[in-house]
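Analysis of the macromolecular model
Read off the chains here:
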Amino acid sequence: MPEIAELDPDDDPGLREFFDVEQAAFRADHPHAVLRTFPQLLQMVRRPSSYSRRTLLVARDAGRIVGTADLALTVEDNLHLAHVQVGVHPDARRRGVGLALHDELVRRARSAGRTTLLGEVNQPVEGDPSPAFRFATALGYAVVQEEDHHVLSLPVEGARFEASPGVPEGYEIVTWRDRAPDDLVEAYAAMHTQMGRDAPSGEVDHQPVEITVDRVREGEQRTAEAYDQVVAVARRRSDGVFGGYTLVYLARDADYVIQDDTLVMPEHRGHGLGMALKVAMLRILAAEHPERRLVHTWNAVENTFMQRINRELGFTPVERELEMQRRDADA
Ligand SMILES: CC(C)(COP(=O)(O)OP(=O)(O)OC[C@H]1O[C@@H](n2cnc3c(N)ncnc32)[C@H](O)[C@@H]1OP(=O)(O)O)[C@@H](O)C(=O)NCCC(=O)NCCS
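Residues numbered from 1 in each chain as written. Predicted model: local features only at pLDDT ≥ 70, side-chain atom pairs only at ≥ 80, totals over all residues. Heavy atoms only, no water.

1. Topic: the nonpolar core
Formed by 25 residues in total, the largest nonpolar core has its most connected members in Val248, Val257, Leu282, Leu285, Val295 and Leu313. Elements with a contribution of two residues or more to this core: β8 (227–236), β9 (242–251), β10 (256–264), α8 (273–288) and α9 (304–313). Here the element with the most residues in this core is α8; it accounts for 8 residues. Residue contacts for Val257: discarding those within four places in its chain leaves Leu154, Val248, Tyr249, Leu250, Leu285, Arg292, Leu294, Val295 and His296. (Core = buried A, V, L, I, M, F, W, Y, C linked by side-chain atoms within 4.5 Å. Buried < 20%, exposed > 50% of the residue type's maximum accessible area, 1.4 Å probe, protein only. Helix = DSSP H or I, 4+ residues; strand = E, 2+ residues; numbered from the N terminus. Contact = heavy atoms within 4.5 Å.)

This is the structure:
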């Protein structure tokens, strides 16, 4: 049976081997996965954020890493939660490696007082359930949230832009890169807080968190180590109030774009701002990042508003991402 151990964040070759095995495990049956990059992994374990801490575990067989696990614990909010992830190299599956790693994650989560475990698994759009889904189900996890993973090939045909309505009357689009201007950052933080409250999250046992300016600034700084960021905001001309935003990450040395949050604030809904923001962002990508070939985005299956916008823009679903949860009481 493989030996389970914590990986020392200062172990350079160990981290590289961890990364390679994690990539092999997730790519094997998850062809569209957007995975963390090596610089990101280094940052997570060597310079953790102020808001969460992370432990990496490995399963070694005859000295070689065959499985990886990741435990992420928030330190200020949601102290009942543990985020878990397990990956086993395709050559080492169905021998109990995943189970042994998971047992150790559970032991550590419990000793940190956590009572709910949360993990993400992929599921093909059609066909048999993924190994990850079968594994999580066998371990007593239940699906609490479903998202479609959509992709859009770039460049987008010009005709699609011409057909889309422009910026709604009374609004203008303001954009920035990497760091929100000081005079706008408070209003920007408030939109992130709203995003945490409004984005559909199914039965996930997570309490929304207030996103302070400090959190925004730390996030911007940490993200800038691995990604360029572009933000587009809809601002009401009459009073300068923000009506919504959209945010993308551009991984360095890669040809894809991660389209993250898109939010329209409650009192600004119904004017077409969601579509206007996304079109504005696609225009920026076409003009300033013509080397990018694909946009990835994720939408809750019940978020009909965002699903419709994405379909109209030409996004197509490539897989489902399932949030799976197990409470100690259910174990
Ligand atoms: C999910 C994963 C970690 C399982 O690793 P593993 O070492 O093969 O899992 P185990 O051998 O410990 O399996 C434990 C139990 O899970 C279930 N299971 C795991 N893989 C399964 C599969 N392909 N089909 C059916 N059941 C499966 C079985 O009940 C199994 O017990 P059994 O072999 O006695 O029947 C591995 O398939 C993987 O790395 N997938 C890609 C990474 C990923 O998506 N991880 C997300 C999980 S957070």
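There is more to say after this.
2. Focus: the site of the ligand
Surrounding the ligand, one finds 21 residues, the nearest of these being Val86, Val88, Arg94, Gly98 and Leu99. Gly98 places a polar main-chain atom, nitrogen or oxygen, 2.8 Å from an oxygen atom of the ligand. Contact between the ligand and Leu99: an oxygen atom at 2.8 Å from a main-chain N or O atom of the residue. Considering the ligand on its own, with 910 Å² of exposed area, one finds that the protein chains cover 79% of that surface. In a pocket analysis with a 2 Å cut-off to the grid points, the ligand is assigned to the second largest pocket. Among the elements of the structure, α1 (12–28), β4 (81–88), α3 (97–111), β5 (116–124) and α4 (131–138) are those that each provide at least two residues to the shell around the ligand. Per-element accounting of the shell around the ligand gives the leading share, 5 residues, to α4. Grouping the amino acids of the shell around the ligand by side-chain chemistry returns 10 nonpolar, 5 polar and 6 charged. (Near = heavy atom within 4 Å. Polar contact = N/O pair within 3.5 Å; in protein donor to acceptor, adjacent residues only side chain to side chain. Areas by Shrake-Rupley, 256 points an atom, 1.4 Å probe, with all protein chains shown as cover. 1 Å grid on protein atoms, 1.4 Å probe; cavity = no way out; pocket = protein on both sides within 12 Å on 5 of 7 lines; lining within 4 Å. Sits in = over half its atoms within 2 Å of the grid points. Nonpolar A, V, L, I, M, F, W, Y, C, P; charged D, E, K, R; others polar.)

3. Regarding the layout of surface pockets
Put simply, the second largest pocket is a space of about 730 Å³. Those elements that provide at least two residues to the lining of the second largest pocket are α1, β4, α3, β5 and α4. With 6 residues, α4 is the single largest residue contributor to the lining of the second largest pocket. Residues belonging to the lining of the second largest pocket are distributed by class as follows: 17 nonpolar, 8 polar and 6 charged. (Points joined across faces, edges and corners; volume = space filled by probe spheres on them.)

4. A closer look at α3
With 15 residues, α3 should reach 21 Å at 1.5 Å per residue; the first-to-last C-alpha distance of 22 Å fits that figure. Those residues of α3 lying buried are Val97, Gly98, Ala100, Leu101, His102, Glu104, Leu105, Val106 and Ala109. Where α3 ends, the next residue or the one after it, Gly113, has phi of about 80°, a positive value. (Expected span 1.5 Å × (residues − 1).)

5. Quick notes on the pattern of salt bridges
Summed over all chains, the structure comprises 28 salt bridges. For Arg47, the salt bridge is made with Glu225, and the minimal N-O distance between the two is 2.5 Å. Here Arg47, found in the loop between α2 (38–46) and β2 (52–61), pairs with Glu225, found in the loop between α7 (213–224) and β8; they are 178 residues apart in sequence, far enough to count as distant. What makes Glu225 partly exposed here is its relative accessible area of 41%. The partner of Glu146 in a salt bridge is Arg320, and the shortest N-O contact between them spans 2.8 Å. Of the two residues, Glu146 is situated in strand β6 (residues 142–153) and Arg320 in strand β12 (residues 316–327); the sequence distance between them amounts to 174 residues. With a relative accessible area of 29%, Glu146 lands in the partly exposed category. (Salt bridge = Lys/Arg side-chain N within 4 Å of Asp/Glu carboxyl O.)

6. A word on the sheet that holds β4
Spatially, the 12 strands line up as an open sheet ordered β1-β2-β3-β4-β5-β12-β6-β11-β10-β9-β8-β7, and their pairing is mixed. Because the sheet does not close on itself, it has two edges, and the strands there are β1 (3–6) and β7 (171–177). Here the strands of the sheet are splayed against their neighbours by 25° on average, with no regard to which way each runs. Where β2 and strand β3 (residues 64–74) come together, 10 bridges link them in antiparallel fashion. Among the inter-strand pairings, Thr55 is bridged to a residue of β3, identified as Leu71. (Pairing = 2+ DSSP bridges. Axes fitted to C-alpha atoms, helices over the stretch in contact; angles between N-to-C directions.)

7. Regarding the domain arrangement of the protein chain
You can read the domains of the protein chain as domain 1 (3–114) and domain 2 (151–322). Taking only C-alpha atoms, the centre of domain 1 and the centre of domain 2 are 29 Å apart. Counting residues at the interface gives 19 residues for domain 1 and 18 residues for domain 2. For the domain 1 and domain 2 pair, buried surface summed over both sides reaches about 1600 Å², with 46% attributable to carbon and sulfur atoms. Of all residues in domain 1, His32, Val34 and Tyr51 give up the largest surface area on contact with domain 2, accounting jointly for 34% of the area buried on that side. For the salt bridge of Arg215 with Asp77, the shortest nitrogen-to-oxygen distance reads 3.3 Å. Scanning the region where domain 1 abuts domain 2 turns up 11 residue pairs in polar contact (both at pLDDT 80 or more). Residue contributions to the side of domain 1 that touches domain 2 peak at 3 residues, all from α2. Of the residues in the side of domain 1 that touches domain 2, the class split is 7 nonpolar, 9 polar and 3 charged. (Domains from an automatic or database assignment. Buried area = accessible area lost by both parts, 1.4 Å probe.)

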